[in-house]
Amino acid sequence: MEKVKAKKYLGQHFLKDESIAAAIADTLNFEGYQNVLEIGPGMGVLTKYLLEKLITTYVIEIDTESVKYLDENFPKLKDKIISKDFLKYNINETFEGKQFGIIGNFPYNISTQIVFRTLEYRHQIPEFAGMFQKEVAERICEKKGTKAYGILSVLVQAFYHAEYLFTVDEHVFIPPPKVKSGVLRLRRKADYSLPCGEKLFFTVVKTAFQQRRKTLRNSLKTLNLSDNLREDTIFDLRPEQLNVQQFIELTQKIEANAV
């Protein structure tokens, strides 16, 4: 079969640099799990390096042309190709509650959604690595006090150690994107359960950053905070001034003073 043509509507940019593909495959240590899921394998430039590892590799691909190419060119993937949309697929139809890693050269138009979907399955995903648009990768790994620090930074780092690994230039893709790319790695924290209501934590973080220029006293008005709580000095701060632990403590305060 001829090579697959990149489809703009799927956000496809096929990596052509073998050394970068090999480097991405080496980012995971595969400790504590036996399966890895590659999202959006395309023509398998990363896949072939994963298949060399002592790990069972699955791929999930929405593009039927790519699925056909993988099926014809990678016999080791027999019964391991999932022709589905990762954002909609119940992953436990494949993994049945088992631990698994995630890796990929992610389509940039859905990369943020992939991260949020991963957080939903965080109890099963000890490791996650892959390529994003550079600014998105930096945002995920960012620390407090910067404009890039936001919802993604806090929610991911509440459960994972986030590490920006290296930058990838545009010319190593077909077709080349208009932006640079960045590879990151997430490793789940030993204790990834929060000492507060997780649903409320997500709500507090998202609500705070939706009006990031305002102090928390103003941005969190919709949570109906008690007058007593609103006097706490933490509410004088803006959201980018709080680290993950402070957001957890803020959520605990709101829980304890619910109107």
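Everything numeric in this text was worked out from a predicted model, so none of it was measured.

**Student:** Just to check I follow, could you spell out the overall build of the protein chain for this structure?
**Tutor:** A count of helical and extended segments in the protein chain gives eleven helices and nine strands. Scaling as 2.2 N^0.38, a compact globule of 259 residues should have a C-alpha radius of gyration of about 18 Å, and the protein chain matches this with 20 Å. Dimensions of the protein chain, computed from the C-alpha atoms along their principal axes, are close to 70 × 40 × 30 Å. The buried share of the protein chain, reckoned over its 259 residues, is 49%. The long-range share in the protein chain, meaning contacts at least 24 apart out of those at least 6 apart in sequence, stands at 68%. Taken as a whole, the protein chain presents about 12800 Å² of accessible surface, with 48% of it coming from carbon and sulfur. In the protein chain, 37 side chains carry a positive charge and 33 a negative one; their mean positions are 4 Å apart.

**Student:** Quick question: what am I supposed to make of the side chain of Ser153 here?
**Tutor:** Topologically, Ser153 is positioned in helix H7 (residues 151–159). The contacts of Ser153, once residues within four sequence positions are left out, are Arg139, Ile140, Glu142 and Ala148.

**Student:** I tried to follow the sheet that holds strand E2 (residues 35–39) on my own but got confused; where do I start?
**Tutor:** Sheet strands associate in pairs through backbone hydrogen bonding, adopting either a parallel or an antiparallel arrangement. Here seven strands make up an open sheet; going across it, the order is E4-E3-E2-E5-E6-E9-E7 and the pairing mixed. Edge strands, defined here as strands with exactly one partner in the open sheet, are strand E4 (81–82) and strand E7 (160–168). Examined bridge by bridge, E7 and strand E9 (residues 181–188) share eight bridges and lie antiparallel to one another. Paired with Val168 across the strands is Ser181, a residue of E9. The strands touched by helix H5 (residues 111–120) within the sheet are E2, strand E5 (100–105), strand E6 (127–133) and E7, with E6 carrying the most contacts at an inclination of about 165°. Across the sheet, H7 is in contact with E7 and E9; its angle to E7 comes to roughly 120°.

**Student:** Where do I start with the pattern of salt bridges in this structure?
**Tutor:** The final tally for this structure, using the stated rule, is 13 salt bridges. Among the ionic pairs, Glu170 bridges to Lys180, the shortest N-O distance being 3.2 Å. In this pair, Glu170 is assigned in the loop between E7 and strand E8 (173–174) and Lys180 in the loop between E8 and E9, connecting sequence segments ten residues apart. One salt-bridge network, in which partners are shared between bridges, spans Asp169, Glu170 and Lys180.

**Student:** Looking at this structure, I do not really get helix H6 (residues 134–141). What am I missing?
**Tutor:** Each α-helix winds once per 3.6 residues, and so residues spaced three or four apart point in a common direction. For H6, the complete set of buried residues consists of Val136, Ala137, Ile140 and Cys141. Projection of H6 onto a plane perpendicular to its axis shows the buried side chains occupying an angular sector of 130°, all on one side. Against H5, E6, H7, E7 and E9 lie the buried residues of H6.

**Student:** Honestly, the packing of H5 against H7 in this entry has me stumped. Any pointers?
**Tutor:** Packed helices, taken two at a time, are described by the angle their axes make and the gap between the axes. In contact at an axis separation of 11 Å, H5 and H7 are set at 30° when each is read in the N-to-C sense. The orientation of H5 relative to H7 falls into the category roughly parallel. Judged by the twist between their axes, the crossing of H5 over H7 is left-handed. Across the interface between the two elements, Thr112, Val115, Phe116 and Leu119 of H5 pack against Ile151, Leu152, Leu155, Val156 and Phe159 of H7. Within the contact of H5 with H7, the residues separate by chemical class into eight nonpolar, one polar and no charged.

**Student:** Could you clarify how one ought to interpret the side chain of Glu38 in this entry?
**Tutor:** The residue Glu38 is located in strand E2 in this model. Here Glu38 occupies a buried position and makes no salt bridge, while the nearest side chain of opposite charge, Lys48, is found at 12 Å. Within polar-contact distance, the side chain of Glu38 engages the side chain of Thr47 at 2.6 Å. If near-sequence neighbours (up to four positions away) are discounted, Glu38 is found in contact with Leu46, Thr47, Leu50, Tyr58, Val59, Ile60, Ile103 and Gly104.

**Student:** Help me understand the nonpolar core in this model?
**Tutor:** Side chains of nonpolar character tend, in soluble globular proteins, to be buried together. If you look at the biggest cluster of nonpolar residues, it comprises 54 residues, and the most contacted ones within it are Phe201, Phe247 and Leu250. Formed by 22 residues, the second largest nonpolar core is a distinct cluster that contains Ala25, Val45, Ala129 and Met131.

**Student:** Even after reading the chapter, I still don't get unusual backbone geometry, so can you show me in this structure?
**Tutor:** Across residues other than glycine, the phi torsion is negative in most instances, and most of the peptide bonds are trans. Located in the positive-phi region is Glu96, a residue other than glycine, with phi close to 50°. Positionally, Glu96 belongs in the loop between helix H4 (92–95) and E5. In this model, Asn224 sits at a positive phi of 55°, which is unusual for a non-glycine residue. Mapped onto the fold, Asn224 is located in the loop between helix H9 (216–219) and helix H10 (227–230). Asn224 gets classed as exposed once you look at its relative accessible area, which sits at 57%.

What counts and what doesn't
- Residues numbered from 1 in each chain as written.
- Predicted model: local features only at pLDDT ≥ 70, side-chain atom pairs only at ≥ 80, totals over all residues.
- Heavy atoms only, no water.
- Helix = DSSP H or I, 4+ residues; strand = E, 2+ residues; numbered from the N terminus.
- Rg over C-alpha atoms; globule rule 2.2 N^0.38 Å.
- Buried < 20%, exposed > 50% of the residue type's maximum accessible area, 1.4 Å probe, protein only.
- Contact = heavy atoms within 4.5 Å.
- Areas by Shrake-Rupley, 256 points an atom, 1.4 Å probe, with all protein chains shown as cover.
- Lys, Arg positive; Asp, Glu negative; His and termini not counted.
- Charge placed at Lys NZ, Arg CZ, Asp CG, Glu CD.
- Pairing = 2+ DSSP bridges.
- Axes fitted to C-alpha atoms, helices over the stretch in contact; angles between N-to-C directions.
- Salt bridge = Lys/Arg side-chain N within 4 Å of Asp/Glu carboxyl O.
- Arc of directions from axis to C-beta.
- Parallel < 35°, antiparallel > 145°, perpendicular 65-115°, else oblique.
- Left-handed = near helix turned anticlockwise from the far one by under 90°.
- Nonpolar A, V, L, I, M, F, W, Y, C, P; charged D, E, K, R; others polar.
- Polar contact = N/O pair within 3.5 Å; in protein donor to acceptor, adjacent residues only side chain to side chain.
- Core = buried A, V, L, I, M, F, W, Y, C linked by side-chain atoms within 4.5 Å.

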